[in-house]
Amino acid sequence: MNRVEIKIYVNDIEEERTYYQDKLGFVLKEVREGLEDTKEYVFAHEGSDAYFVLASREAAEKASPKENTDMPSILLHVSDIDTCYKQLRDQGVQVGELFELGGMKTFNFCDHELNYMACWQA
């Protein structure tokens, strides 16, 4: 896995974007296409390898009603998503469909307590 991101679901994404930049001093690294024609903002704190992604709670709940948006999601960047998908599936992990979103291949999976995670390859 190349990089780990933590996706935080928020109610007002623009207000939170401003907060992360102006109050916490996070650096905006990327703006991505999110679910339901929304934006996602990728932040990092200077000198840190941790990335935080702000995403619309409403869009996530609409796209996947079973997804738990009360907790952050873990996003795992992988270099070969097809192999990763097959390995997890073959190990008995409950995986969702492999699909393309905003120019990247991705799939979702969860642990036994239904904590949502995703792998993606740009």
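Because the structure is a prediction, the values reported are computed rather than measured. (Residues numbered from 1 in each chain as written. Predicted model: local features only at pLDDT ≥ 70, side-chain atom pairs only at ≥ 80, totals over all residues. Heavy atoms only, no water.)

S.K.: Go over the sheet that holds strand β1 (residues 3–10) with me, naming the residues and quoting the values.
M.R.: In space, the 8 strands of this open sheet follow the order β2-β3-β4-β1-β5-β8-β7-β6, with mixed pairing throughout. Two strands in the sheet have a free side with no partner beyond their single neighbour: β2 (27–33) and β6 (99–101). Neighbour-to-neighbour, the strand axes of the sheet open up by a mean angle of 30°, direction not taken into account. Note: strand β3 (residues 39–44) against strand β4 (residues 51–56), 4 bridges, orientation antiparallel. Looking at β4, one finds that Y41 is bridged to L54. Along the sheet, helix α3 (residues 81–90) makes contact with β7 (104–110) and β8 (116–121), crossing β7 at roughly 20°. (Pairing = 2+ DSSP bridges. Helix = DSSP H or I, 4+ residues; strand = E, 2+ residues; numbered from the N terminus. Axes fitted to C-alpha atoms, helices over the stretch in contact; angles between N-to-C directions. Contact = heavy atoms within 4.5 Å.)

S.K.: Now, about the nonpolar core: what can you tell me, with residues and values included?
M.R.: By size, the foremost hydrophobic cluster in this structure holds 12 residues: Y9, V42, A44, Y51, V53, A55, A60, L75, M104, Y116, A118 and W120. Sorting the residues of this core by element identifies β3, β4 and β8 as the ones contributing at least two each. Dropping the residues within four chain positions of it, W120 is found in contact with E5, R32, L75, L76, H77, V78, I81, M104, K105 and T106. If you look at the next biggest cluster of nonpolar residues, it comprises 10 residues, including V78, C84, Y85 and M117. (Core = buried A, V, L, I, M, F, W, Y, C linked by side-chain atoms within 4.5 Å. Buried < 20%, exposed > 50% of the residue type's maximum accessible area, 1.4 Å probe, protein only.)

S.K.: So what about the pattern of salt bridges? Which residues, and what values?
M.R.: Two side chains of opposite charge can pair, provided their charged atoms sit close to one another. Here the structure, examined in full by the defined rule, presents 9 salt bridges. Measuring nitrogen to oxygen at the nearest pair gives 2.7 Å for the salt bridge that ties E5 to R32. Placement of E5 in strand β1 and of R32 in strand β2 is noted, with a sequence separation of 27 residues between them. (Salt bridge = Lys/Arg side-chain N within 4 Å of Asp/Glu carboxyl O.)

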